[in-house]
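# Structure assessment
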Amino acid sequence: MYEQDSVELPRRSFETELFLPIRGMSTETDREPGTSTTQQQAPRYYLKSAATNGRGGLNVYVSNRRSSFCEQMQRDGQNSFSFRDFLKSKLFVSILIVGAVFITLICIGFVVMYERDGSVTQTIDVWRDKLTSEQLVWFESGLDELKKALAVQINTKRAKNVILFVGDGMGPVSVTAGRIFKHGEGGKLSWEDFPHMGLLKTYSMDKQVPDSASTATALFGGVKANYHTNGVDSGVLKEDCQASQNKSHHVESILYWAQKAGKGTGFVTTTRVTHATPASLFANVPDRAWECEAKMPLDAKNQGCIDIARQLIEKEPGSKFNVIMGGGRQCLVSGVEDSENDPLDTWSCISEDGRDLIEKWSTDKMEKEQTFAVVQNNSDLENLDVSSEFVLGVFANGHLAYDHERDKGASGMPSLEEMTTAALRVLRKHQKGFFLVVEGGMIDQAHHRGWAKTALSELAAMDDAVAATLKIMARELDETLIIVTSDHAHTLSMNGYPDKGNSIFGVAQNSRIDNIPYTTLTYGTGGPGGYQVEVDGDGKVHRRDPTLDDTEDYKYIQQVAVLTDENIHGGVDVAVHAMGPMAHLFHCVHENSYVAHVISYAARIGRFRDSSAAGAFFDLLGLS
């Protein structure tokens, strides 16, 4: 060994050797025997205790000799890397981070794929922030609605059954006011929980604000038509009998398509069965007023035009409807009797040609050896044999009585709910499914009179009919397309700043100009009873104070802005709500004619019908 340098340390009472690499020291190295130049090793420095050197310090020595332990450690360090060192290395940490990110991305991808396929239930994790009770109730409400929205699944099955509800004149203000009337501000009507909805434009081909005949033609036939025409396209003008006889201008209805597909068909209405809305299901006429022969011009009769009532009983598809229920006896039968509980409708047609189309309908079924039933009051309907193939229910000379004032006894008139449930029991037995149209027609009639409370009562009755339908069809909802919509709106408006909980028929506040109260509900147009203008003792003209009248009465006429002969339709868009197969196809603002095309596609009827081969295949599988 060669002495290189010495460093004094505190004196020790013992002598020891301490191997210690010291930076900065340099020495000459010796090559060990048998070691090549490239393998020669650097010198090793160590400190040696030297108590005997007289100075009590440590001498630092350098040596090329290594102990066996040091040599082994060096060999291990050169030839291997311990697992513990690897876990502490930057390489391992980097691999761990990259792997975690990669696995997370894969998991997110799988979750997204599953959610797209609807294969998993989506959940919501929310922070439970500290909120006041006034805020918490709305955050919880919002969370509940989010969960419902996230749980909605698209049903792309074929619609075996279709049920279409039409609230005649049921515009958006009517729906809002009707909801408050029946369920309160925070409530919902039975169809407002349907998962899919849109808006329908209601204009006709020649009018910005339509009537019920043209809008019904659009809803039921998929084709926009002219004002006051039923079941004909815009190539036919009002009262043009000759053009209406050209069959190329006839518009086939959804019930006709359903019949051709072998489905049971029918309609229920609280109006006359020949009235503007149901007429578009079976008639092709240039004037909705031609409900019977008495309203038809002589030249139209001479040209061969047939009134709506005869088309219902004598021609397809009306003659093959399995269910017909509503009013309108005076159009089907001549010489019917007038009574206090069942008056003649002087606004409508009253047949005078000696007809009895109810008897003719019955005779037709007997000749064809088909089972049938004619029902004319509550007792008949309650005892109806639902195994009958065909049912004709005519419960009034004109329209049915308003729901709040109808006779509920055995000889009285049924509700919309009762007619609807009876129709469903008759139609459900059809192996290939059925198509039922239900009209809450007296909503419109009450609006025309300016009776807002009566109109909303009729809307509530339709709510009952929809709710009852959902219960009856509970086990078949997955294959039943249910749609609730309207043909047009009215000029009903909801005004002022009434307090929450205030009666929807009450006073909103006082005018800031004349200080006279005004009601929450008013109309834009109306008859003489609604144009409530008075002259006081000083000769000044002012609006009548509504608090002088009972605004809660069913026959109270709401105040109007413009005097006309009756309240007139509104032209705003109406809502369409849907559930069941293909209901998601209602999703934005649509033409009202779009409804028929959705139904045709969902049920594979009309232009979307199966080929004969496909039909035979579905029949074989029992899927038709």
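Up top is the structure.
Let me begin by describing the structure that accompanies this report. (Residues numbered from 1 in each chain as written. Predicted model: local features only at pLDDT ≥ 70, side-chain atom pairs only at ≥ 80, totals over all residues. Heavy atoms only, no water.)

What the protein chain contains, in helices and strands, is 19 helices and 23 strands. Per-residue burial for the protein chain yields a buried fraction of 46% across its 624 residues. A separation of at least 24 residues holds for 70% of the contacts in the protein chain among residues at least 6 apart in sequence. (Helix = DSSP H or I, 4+ residues; strand = E, 2+ residues; numbered from the N terminus. Buried < 20%, exposed > 50% of the residue type's maximum accessible area, 1.4 Å probe, protein only. Contact = heavy atoms within 4.5 Å.)

Where helix H15 (residues 416-427) meets helix H17 (residues 452-472), the closest approach of the two axes is 8 Å, and the angle between their N-to-C directions is 25 degrees. Our classification of the angle between H15 and H17 gives roughly parallel. Once H15 is placed against H17, the crossing between them reads as right-handed. Residue-level contacts link Leu416, Glu417, Thr420, Thr421 and Leu424 of H15 to Met462, Asp464, Ala465, Ala468, Thr469 and Ile472 of H17. Taken together, the residues of the contact of H15 with H17 sort by class into 6 nonpolar, 3 polar and 2 charged. (Axes fitted to C-alpha atoms, helices over the stretch in contact; angles between N-to-C directions. Parallel < 35°, antiparallel > 145°, perpendicular 65-115°, else oblique. Left-handed = near helix turned anticlockwise from the far one by under 90°. Nonpolar A, V, L, I, M, F, W, Y, C, P; charged D, E, K, R; others polar.)

Turning next to the sheet that holds strand S17 (residues 521-526). An order of S14-S17-S20 is seen for the 3 strands of this open sheet, with the pairing classed as mixed. Of all strands in the sheet, those bounded by a partner on one side alone are strand S14 (492-494) and strand S20 (560-563). Ignoring strand direction, the axes of neighbouring strands in this sheet form an average angle of 20 degrees. (Pairing = 2+ DSSP bridges.)

For any pair of aromatic rings, the description rests on two quantities: the centre-to-centre distance and the angle between the ring planes. Using the criterion set out here, one finds 8 aromatic pairs in the structure. Arranged with centres 5.8 Å apart and planes meeting at 85 degrees, the rings of Phe586 and Tyr594 form a pair that is edge-to-face. A relative accessible area of 24% means that Tyr594 is categorised as partly exposed. Centroid distance Tyr601 to Phe608: 5.3 Å. Interplanar angle 90 degrees. Geometry classified as edge-to-face. Through a chain of ring-to-ring contacts, three or more aromatic side chains come together here, namely Phe267, Phe282 and Phe321. Residue placement shows Lys207 over the ring face of Tyr227; its charged tip is 5.2 Å from the ring centre. In this structure, Lys224 packs its charged tip against the face of Tyr203, placed 3.6 Å from the ring centre. (Phe/Tyr/Trp six-rings, centres within 6.5 Å; stacked < 30°, edge-to-face > 60°. Lys NZ or Arg CZ within 6 Å of the ring centre and 35° of its normal.)

Generally speaking, soluble globular proteins have nonpolar side chains that are buried together. The biggest cluster of nonpolar side chains holds 56 residues, and the ones touching the most others in it are Phe435 and Ile599. Sort the elements by how many residues they give to this core and helix H18 (residues 594-603) lands first, with 6 residues. Every residue in contact with Phe435, bar those within four places of it in the chain, is listed here: Val162, Leu164, Ile254, Leu255, Ala258, Gly264, Thr265, Gly266, Leu427, Ile599 and Ile605. Ranked by size, the runner-up nonpolar core spans 38 residues in total, among them Ile163, Met170, Trp191 and Met579. (Core = buried A, V, L, I, M, F, W, Y, C linked by side-chain atoms within 4.5 Å.)

Before going further, it helps to examine the environment of Lys432. Mapped onto the secondary structure, Lys432 falls in the loop between H15 and strand S11 (434-440). Classification of Lys432 as partly exposed rests on a relative accessible area of 29%. Measuring from C-alpha to C-alpha, the distance between Lys432 and Ala258 comes to 9.8 Å, with 174 residues separating the pair along the chain.

Moving on to the state of the cysteines. Scanning all chains against the criterion turns up 2 disulfides. Between the sulfur atoms of Cys241 and its disulfide mate Cys305 the distance is 1.9 Å. Judged by the torsion about the S-S bond (120 degrees), the Cys241/Cys305 disulfide is right-handed. Within this pair, whereas Cys241 is found in helix H7 (residues 241-244), its partner Cys305 is found in the loop between helix H10 (298-302) and helix H11 (308-314), the two being separated by 64 residues in sequence. Per residue, the accessibility class of Cys241 equals that of Cys305, and both read buried. Note that Cys292 is cross-linked by a disulfide to Cys349, the S-S spacing being 1.6 Å. (Disulfide = S-S within 2.5 Å.)

These figures come from the coordinates and say nothing about function on their own.
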